[in-house]
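Summary of the model geometry
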Amino acid sequence: MPARLNPLTALAAAAATAATTTAASSWAASLTVILGGVVLAVRAGVCGRLAPAAAVILAPFWLSLLIMHGLFFPEGRTVLAEWGAARVTTEGLGFALDMGTRTAAYVVVFLLFSFTVRVPDLVAVMSARRVPPQFGYVLASTLTLAPAISGRLARIRQAQESRGLVVRGGPLPRLAAARLQMVPLVLSLIQEAGDRAQALDSRGFNGATARTSYRDVPDTAAQRAFRAVALLLAVAAVALRISGQWPDMQWPSSQWPGGVPG
Amino acid sequence: MRPTLLQARITEFSYHGEDASVLRDLAVDAVPGTLTAVLGGSGSGKSTLGRLLAGWLSGGHSGRFRGSLQLGTAAGTAAGDSAPIVFHGGPDDPRINPSLWSDRVGYVPQDAAALLSTVGSTVAEELAFGLENRGMDRRLMHDAVMHAAEAAGLAALLERDPATLSGGELRRLAVACAAITRPGVLVLDEPLGSLDKAGAASVRSLVRRLTGSGTAVIVLGQAVDELALEATQWLVLDGGTVTARGTPGELAGSPGLLQSGVVMPARTGGCFTAVRRAADPHTADHRRRTEHDHGAETATPPVLELERIAFAFPSGRRGKGPGILADLSLAVRAGQIVAVTGPNGAGKSTLLRHFNGLHRPDRGCVRIGGADIAGIPTGKVADRVGLLFQHPRDQLFERTVLREVLFGLDRRFGPEAATKALAALAAVGLADQLEIHPHELPASRQRLLALATVLAREPTLLALDEPTVGLDRHGLERLNQAIGAAALRGAAVVIVTHELAYARATAHRILELRDGTLREE
Amino acid sequence: MSQQSLILPAPGQRAVRIRRLLEVLGAVSIAATFIFLVLTQPADITNGLASGSTLVALGGFLLGAILLIIGVLPTLPTSTLVLIPVALVLNIALGQIMGSTGLPFYFDAIGTVLIAVLAGPAAGAATGALSSIVWSFINPTVLPFAAGAALIGFLSGLAARHGLFRRFYLAPVAGFVTGILAGVVSAPIAAFVFGGTSGAGTGAIVGAFRAMGDTLLAAITKQALISDPMDKAIVFTVVALLVYALPRRTTLQFAFVRRFNVLAGKKQETPGA
């Protein structure tokens, strides 16, 4: 992945790919997108981080799909095996495959974006596009705070163990111990946030004047054109799918099972 | 008569929901090119004064303020001083625009990190944050950032992540962030707090440069440190009002200063010498016991014994980083006070964490009272080892001061727990504040409360990590009495501190941690 | 510099109409999408994977969440804004602590509910939606649930405003009701976007309902009605424990807490241990 890609270009590419894949909804298309994503990840050198992150998300999801649709699929006609209430059907397995690959494509594409994007660049671009500066603040500040807070949590735990806190087994003592750790954590975070609010005010954040950006994020005409084309293609794919779906629309009040609030 | 850039006249200030006023009847003037030191002990109201001057407390949403603030210009009255902004303590009081006020009066709070936006991914972007918000053109902004970084000695660090800066660098960054809009007045709260020698020197030279360029600098502090000694004027703050005012020469040794909680320069010794005398192994009582034990000395093991321990933080996958501790040995006997010194980052806190098993050595062993603690959980070792950390807030989690000290105490002492807790609280001077929420105490009292939680367990080894930081003179006296009493009781004490003078005044033995091992000072 | 410019104008009527409009549009977009999905629920999901519904669900909910964020964010005072990153990290960090206790709950809304209780429904809704968006940088599958997260924040703020955190036993009840609504709103996302839920346990429950002949949406909605209310009841209880453990000086610095008397009055009444 080129190092100085404008974050908007990457975001547009990811969003367009995800939308088109969803619209296409075929496992072959999804698989192609996954493969493409993996190739790009390897070239960008983030495959080592991306693969485990994606696996953690997808493994339980696939397992769940397999249990849900592999065993129970009342709409299925072609029965491959049957144990009591559970019926393995071709349609069910096909559905699980389609959904599994579609979600995998979506996850791979967006993880590729988030693992390669430089968040400061993204924030700078957004503030130049008149996105409320508060949004960029929340995004960047969360990513800065996360490691600091996990470090502090470790310190709190150490300090409390040094005061003789022995965490015993069983969910209730553990819950009590967790509460003892949360109180100092939440307290200090809220108090620090109060100070930070005044500091941000005094440094002119939330002021009336338009913000500028210290960071210069390069953009090219080619990238602008690419973004326009990618988004147009995605819109076309979505429109095609929805318009194709529209005539089939049913109004099945009878199909909503009773007892479920709607 | 020189012009003043800021005139504050404070009749009274109190926080919402509290009857007692925090500040009353005081005046502060900021003159260009001067350094004013506001000195006061814990609870004297100096941090409140700093926030008030910074415009953080106006508008009646934090408290009631009666008084006035008036800005001036360096050119003197000819340019037209603005009229004073008057506050009456009502809900209709004017609300200061914090952004415009900071163009004239910059402020760095005690916790310098609180000033940072947390969104700047580099030092340069953090510096630029205030300019971005003011809509400055990018080219001008680059120039301003370069200029500010050079003035603060940060030019080599522009591309660093602010989270990786050392304490001194962070403090300089915060000052530079406040100074980048070139305010005429700069208010710094405890600018040298918890910095080692090199860090303090770098901040001092930055302050010198600012006053040299005509800025009026006001520092708030609770110790007569090197920075305060450079000041043009001292104000002594006690009980919310100014009790003495004058040049350092006039005020040094004056009753107003001595009665306040301000910590005097350590070289005068003062209150420290008493500690060692109280716990000196050569006092009669102690000698008798030592002689009595003499024949059996080999039989009674030291309270703490580290035998050739080595430690390195894990880095990367299954790898080990550079060694922090290497082949380090130490033995501390009952009643002995040992101080460990060394610069920030030498591994002093890491060493302390080995005493109760928070860190386990890669090689070697740790023995408490002769028994190896390997495999024993920290919470159990804590019955014999009391470890006090640098940040008291991490250790406090109960709803009241009394419950805080009582926590886990009944498991150790049974029905005696309440007596022990009250005694420990009395020892640190908190006996009259049992029902207060720990986090509503001022920072120095939080440290004393954390100390009480450790003392109440009557550990045989007391390990204190930078116990002096943030304590005023009264707090230091309590700390020293507690250390002395613990040593007299027969506990071993290990103090980690970067203040060499304090170590000299307090400990029987001073060791320096360098290159992973301890050397005699 | 003139004297007046140093002082802020008294807080008066500002042009908030456009932002109100954005908030309303956001809410309408979410509601309309939900109603559309329920009414057009494709009976035979094997037919074309219902990908039209998928796109409508994704687009409508995301658009609603983004409109809400754009409408609410600029109206929040800085003191509330700085709490949002804290809440987002809490959602993740406290989720991790809970993970270490081995209890079978997610607890990924604690930060959101905490902000809602301290700063009100609008701040809660924005925090919920932002939480999903920022979290999706690590786990993209939470992005489509932004509308449900916003609803949780909004409802918990509403509960706080009407005094449900003043009585300790009312907090879990409010959480239970919030969980029901949030579960019902999130179910179409799970059904149409992902074709199911994550995790073997929930998958088995959905499978059981499917075996009884329910449509996928109905099965997932029923499954959500089993797990979500319980989870949210516990989350609300945890937040109540947390806010009562905070010093009053800290909680009372929030205008929302003062104005609507969100917490029980006296210090001695702190419930729980």
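Quick summary incoming for the structure in this document. (Residues numbered from 1 in each chain as written. Chains lettered and ligands numbered in written order. Predicted model: local features only at pLDDT ≥ 70, side-chain atom pairs only at ≥ 80, totals over all residues. Heavy atoms only, no water.)

In this complex, chain C contributes 88 residues to the contact, which on the side of chain A involves 81 residues. Regarding the contact of chain C and chain A, the summed buried area is about 7100 Å², with carbon and sulfur atoms giving 78% of it. Connecting chain C to chain A are zero salt bridges. Here chain C and chain A share seven residue pairs in polar contact (both at pLDDT 80 or more) between them. The dominant element in the side of chain C that touches chain A, judged by the number of residues it contributes, is helix H4 (residues 83-101) of chain C, at 13 residues. (Contact = heavy atoms within 4.5 Å. Buried area = accessible area lost by both parts, 1.4 Å probe. Salt bridge = Lys/Arg side-chain N within 4 Å of Asp/Glu carboxyl O. Polar contact = N/O pair within 3.5 Å; in protein donor to acceptor, adjacent residues only side chain to side chain. Helix = DSSP H or I, 4+ residues; strand = E, 2+ residues; numbered from the N terminus.)

All names here are of chain B. If you walk across this open sheet you meet the four strands as E2-E1-E4-E5, and the pairing is antiparallel. Either end of the sheet is taken by a strand with one partner, and the two such strands are strand E2 (23-30) and strand E5 (85-88). The sheet shows a mean angle of 15° between the axes of neighbouring strands, taken without regard to direction. Of the pairings in the sheet, the one linking strand E1 (residues 6-15) to E2 comprises seven bridges and is antiparallel in character. Along E2, the bridge assignment pairs Leu-6 with Ala-30. Against the sheet, helix H1 (residues 46-53) makes contact with E1, E2 and strand E4 (63-71), and its axis sits at roughly 125° relative to E1, the strand it touches most. (Pairing = 2+ DSSP bridges. Axes fitted to C-alpha atoms, helices over the stretch in contact; angles between N-to-C directions.)

A few words now on the pattern of salt bridges. All names here are of chain B. Taken as a whole, this structure holds 31 salt bridges over all chains when the rule is applied. Here Glu-230 makes a salt bridge to Arg-208, at a shortest N to O gap of 3.1 Å. Highlighted residues: Glu-230 in the loop between helix H7 (226-229) and strand E10 (233-238) and Arg-208 in helix H6 (residues 197-212), separated in sequence by 22 residues. Judged by its relative accessible area of 33%, Glu-230 is partly exposed. (Buried < 20%, exposed > 50% of the residue type's maximum accessible area, 1.4 Å probe, protein only.)

This brings us to the interface of chain B and chain A. Accessible area lost when the parts come together is the quantity often used to give the size of an interface. Opposite the 56 residues of chain B that make contact, chain A presents 41 residues. Overall, the association of chain B and chain A removes approximately 4700 Å² of surface from exposure, summing both partners, and the carbon and sulfur fraction of that is 51%. A salt bridge links Arg51(B) to Asp195(A); its shortest N-O distance comes to 3.0 Å. Considering only residue class, the side of chain B that touches chain A consists of 23 nonpolar, 19 polar and 14 charged. (Nonpolar A, V, L, I, M, F, W, Y, C, P; charged D, E, K, R; others polar.)

Take empty space enclosed by the protein next. Scanning the model with the defined rule gives seven cavities of 30 Å³ or more in all. The space that makes up the largest cavity amounts to roughly 230 Å³. Around the largest cavity, the lining comprises 20 residues; the ones closest to its centre are Val123(A), Ala124(A), Arg211(A), Val119(B) and Glu132(B). For the lining of the largest cavity, the secondary-structure elements that each account for two or more residues are helix H5 (119-128) and helix H6 (133-162) of chain A together with helix H3 (123-133) of chain B. In terms of residue count, H5(A) provides more of the lining of the largest cavity than any other element does, five residues in total. The class makeup of the residues in the lining of the largest cavity is twelve nonpolar, four polar and four charged. Taken as a whole, the second largest cavity encloses approximately 150 Å³ of empty space. (1 Å grid on protein atoms, 1.4 Å probe; cavity = no way out; pocket = protein on both sides within 12 Å on 5 of 7 lines; lining within 4 Å. Points joined across faces, edges and corners; volume = space filled by probe spheres on them.)

Let us now look at the nonpolar core. Formed by 140 residues in total, the largest nonpolar core has its most connected members in Val113(C), Phe165(C), Val239(C) and Val262(C). Per-element accounting of this core gives the leading share, 14 residues, to helix H4 (residues 90-116) of chain A. Mapping this core onto the domain boundaries places at least three of its residues in each of domain 1 (7-117) and domain 2 (130-202) of chain A. When residues no more than four places from it in sequence are discounted, the contact partners of Phe165(C) are Val113(C), Val117(C), Ser156(C), Ala159(C), Ala160(C), Ala171(C), Phe236(C), Val239(C), Ala240(C), Tyr244(C) and Val262(C). In terms of nonpolar packing, the next biggest core, distinct from the first, is built from 86 residues, Phe13(B), Ala128(B), Leu131(B) and Ala228(B) among them. (Core = buried A, V, L, I, M, F, W, Y, C linked by side-chain atoms within 4.5 Å. Domains from an automatic or database assignment.)

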